[in-house]
Amino acid sequence: MTSHIVMIDGVIVPPEHARVSVYDRGFLFGDSVFEVLRTYRGVPFALDEHIARLRRSAERVLIAVPVDEPVLRSEIARAVLASDNEESYVRVVLTRGAGPLSLDPDTAIQPLRVVLVAPLASPPLHAYVAGIRAVLVHTRRTTDETPAAGAKVSNYLASLLAVREAKLRGGNEALIVDAQGNVVEGATSNVFVVRGGRVETPPDEAGILAGITRAHIVQAAKDLGIPCEERALPVAEIFDADEVFVTSTIRELLSVAYVDDRPIGGGSPGPIARALHERFRRMVEPSR
């Protein structure tokens, strides 16, 4: 039987009894950072990388991580084991903690950490076979041009609205266009294009979230001898690409068959995306 697990500050509590103060700054101001990871064969994938990124995010927004990495690693592993799920979705949240109704971050009392575990829900097979539809959305992300750029903060309002717009326009994902007219990332993913046998993806300097899966796909390209470059992606180059695909922890790699109802390449997943996804799958499950 699959189950949902809630752990608050290292203690597992029944989901229906889980409580976080209404004075918690994560609730009041979105003053928190988080990570999402998944398991393969019941083991959290790239756990150390996710914990390191959580710490980097916390440092950028000046939230103190209240426990060291071995403790956090142990808590996540314990929560996953307690779920008894075949495969799990894991969300780790770190808030600045509760305090008075003040924007002053120094009024927070003690950082709060929460680990949520749920059965993994992967995209349908059809999405991998046929590809997905994406739409271009011009927006400004919460951390753009701030010291927190690149941090995985919980204030996802811009992405939430972008996803809603994408759905209203018949899309499965929103591709975010910044003020310079460049596609920087998906609302909940990193973006890649393939052109003339080369893989291209926006650089960290564009303020993207440096995705864990993105890094492994870049490594997969190197392993396969496929040239891979970080560079700005103007909107026009999206439509001229041979292939476009997005990556994320839960979806792994999904080809984008259409952008704004215009076909990319042949309007179906291309050979390089397929090769990279297969290589990635062999990386995460070596015995396949």
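Throughout what follows, the structure given in this document is the object of discussion. (Residues numbered from 1 in each chain as written. Predicted model: local features only at pLDDT ≥ 70, side-chain atom pairs only at ≥ 80, totals over all residues. Heavy atoms only, no water.)

Looking at the overall build of the protein chain
So, step 1. When helices and strands are tallied, the protein chain shows eight helices and 15 strands.
So, step 2. Projected onto its principal axes, the C-alpha coordinates of the protein chain cover approximately 55 × 45 × 35 Å.
So, step 3. The burial tally for the protein chain puts 50% of its 288 residues in the buried class.
So, step 4. When the accessible area of the protein chain is evaluated, it comes to approximately 13600 Å², of which 56% is carbon and sulfur surface. (Helix = DSSP H or I, 4+ residues; strand = E, 2+ residues; numbered from the N terminus. Buried < 20%, exposed > 50% of the residue type's maximum accessible area, 1.4 Å probe, protein only. Areas by Shrake-Rupley, 256 points an atom, 1.4 Å probe, with all protein chains shown as cover.)

Quick look at the nonpolar core
So, step 1. Val33, Leu72, Ile76, Val90, Val92, Val115 and Val117 are the most contacted members of the largest nonpolar core, which totals 23 residues.
So, step 2. Of all the secondary structure elements, the ones that give two or more residues to this core are β1 (5-8), β3 (32-40), α2 (47-60), α3 (69-83), β5 (88-95) and β6 (112-119).
So, step 3. When residues no more than four places from it in sequence are discounted, the contact partners of valine 117 are Ser3, His4, Ile5, Ala79, Val80, Ser83, Asn85, Ser88, Tyr89 and Val90. (Core = buried A, V, L, I, M, F, W, Y, C linked by side-chain atoms within 4.5 Å. Contact = heavy atoms within 4.5 Å.)

A short note on the pattern of salt bridges
So, step 1. Taken as a whole, this structure holds 26 salt bridges when the rule is applied.
So, step 2. Note that arginine 96 is salt-bridged to aspartate 31, the shortest N-O span being 2.6 Å. Of the two residues, arginine 96 is situated in the loop between β5 and β6 and aspartate 31 in the loop between α1 (25-29) and β3; the sequence distance between them amounts to 65 residues.
So, step 3. Glutamate 35 is paired through a salt bridge with arginine 53; the nearest N and O atoms lie 2.7 Å apart. Residue glutamate 35 is located in strand β3, and its partner arginine 53 is located in helix α2; the two are separated by 18 residues in the primary sequence. Comparing glutamate 35 with arginine 53, the two get one shared label, buried.
So, step 4. A single network of salt bridges, built from pairs that share partners, joins Arg38, Arg41, Glu252, Arg281 and Glu285. (Salt bridge = Lys/Arg side-chain N within 4 Å of Asp/Glu carboxyl O.)

Quick look at the side chain of threonine 249
So, step 1. The residue threonine 249 is located in the loop between β13 (243-248) and β14 (252-259) in this model.
So, step 2. Taking the relative accessible area as the measure of exposure, threonine 249 reaches 16% and is therefore buried.
So, step 3. Once you skip the residues sitting within four places of it in the chain, threonine 249 turns out to touch Val36, Leu37, Arg38, His50 and Thr213.

Quick word on the pairing of strand β7 (residues 132-138)
Looking along a regular strand, one sees the side chains alternate between the two faces of the sheet.
So, step 1. Among the seven residues of β7, five are classified as buried, and the element is accordingly described as predominantly covered.
So, step 2. Crossover connection from β7 via helix α5 (residues 157-168) to parallel strand β8 (residues 173-177): handedness right-handed. (Right-handed = clockwise from strand over helix to strand, strands pointing away.)

As for the packing of helix α6 (residues 212-223) against helix α8 (residues 271-284)
Each pair of packed helices gets described by two things: the angle between the helix axes and the distance between those axes.
So, step 1. As a packed pair, α6 and α8 sit with axes 9 Å apart at the nearest point and diverge in direction by 105 degrees. It follows that α6 is roughly perpendicular to α8 by the angle criterion. Where α6 abuts α8, its residues Thr213, His216, Ile217, Gln219, Ala220, Ala221 and Asp223 lie against Leu276, Arg279, Phe280 and Met283. (Axes fitted to C-alpha atoms, helices over the stretch in contact; angles between N-to-C directions. Parallel < 35°, antiparallel > 145°, perpendicular 65-115°, else oblique.)

Digging into the pairing of β8
So, step 1. With five of five residues buried, β8 lies mostly within the body of the structure.
So, step 2. Taking every second residue as pointing to the same face, both faces of β8 are buried, with Glu173, Leu175 and Val177 on one and Ala174 and Ile176 on the other.
So, step 3. Direction of pairing for β7 relative to β8: parallel, over a ladder of five bridges. Along β8, the bridge assignment pairs histidine 138 with valine 177.
So, step 4. Direction of pairing for β8 relative to strand β9 (residues 183-186): antiparallel, over a ladder of three bridges. Looking at β9, one finds that leucine 175 is bridged to glycine 186. (Pairing = 2+ DSSP bridges.)

Quick look at the sheet that holds β5
So, step 1. Strand order in the open sheet formed by six strands is β2-β1-β6-β5-β3-β4, with antiparallel pairing between adjacent strands. One side of each edge strand has no neighbouring strand; the edge strands of this open sheet are β2 (11-13) and β4 (43-44).
So, step 2. Relative to β6, β5 runs antiparallel, the two sharing eight bridges. For valine 93, the partnering residue across the bridge sits in β6 and is valine 114.

Quick word on the packing of α2 against α3
So, step 1. Between α2 and α3, the shortest axis-to-axis distance is 11 Å and the interhelical angle comes to 125 degrees. Compared by their axis directions, α2 and α3 come out oblique. Crossing of α2 over α3 shows right-handed handedness. Contacts between α2 and α3 involve Leu47, Asp48, Ile51, Leu54 and Arg55 from the former and Glu69, Leu72, Arg73 and Ile76 from the latter.
So, step 2. Partitioning the contact of α2 with α3 into residue classes produces five nonpolar, no polar and four charged. (Left-handed = near helix turned anticlockwise from the far one by under 90°. Nonpolar A, V, L, I, M, F, W, Y, C, P; charged D, E, K, R; others polar.)

With respect to unusual backbone geometry
So, step 1. Unlike most non-glycine residues, aspartate 84 shows phi in positive territory, near 60 degrees.
So, step 2. You can see aspartate 84 is positioned in the loop between α3 and β5.
So, step 3. According to the relative accessible area criterion, aspartate 84 is exposed, its value standing at 58%.
So, step 4. Even without being glycine, aspartate 260 reaches a positive phi, approximately 50 degrees.
So, step 5. Checked against the element boundaries, aspartate 260 lands in the loop between β14 and β15 (262-263).

These figures come from the coordinates and say nothing about function on their own.
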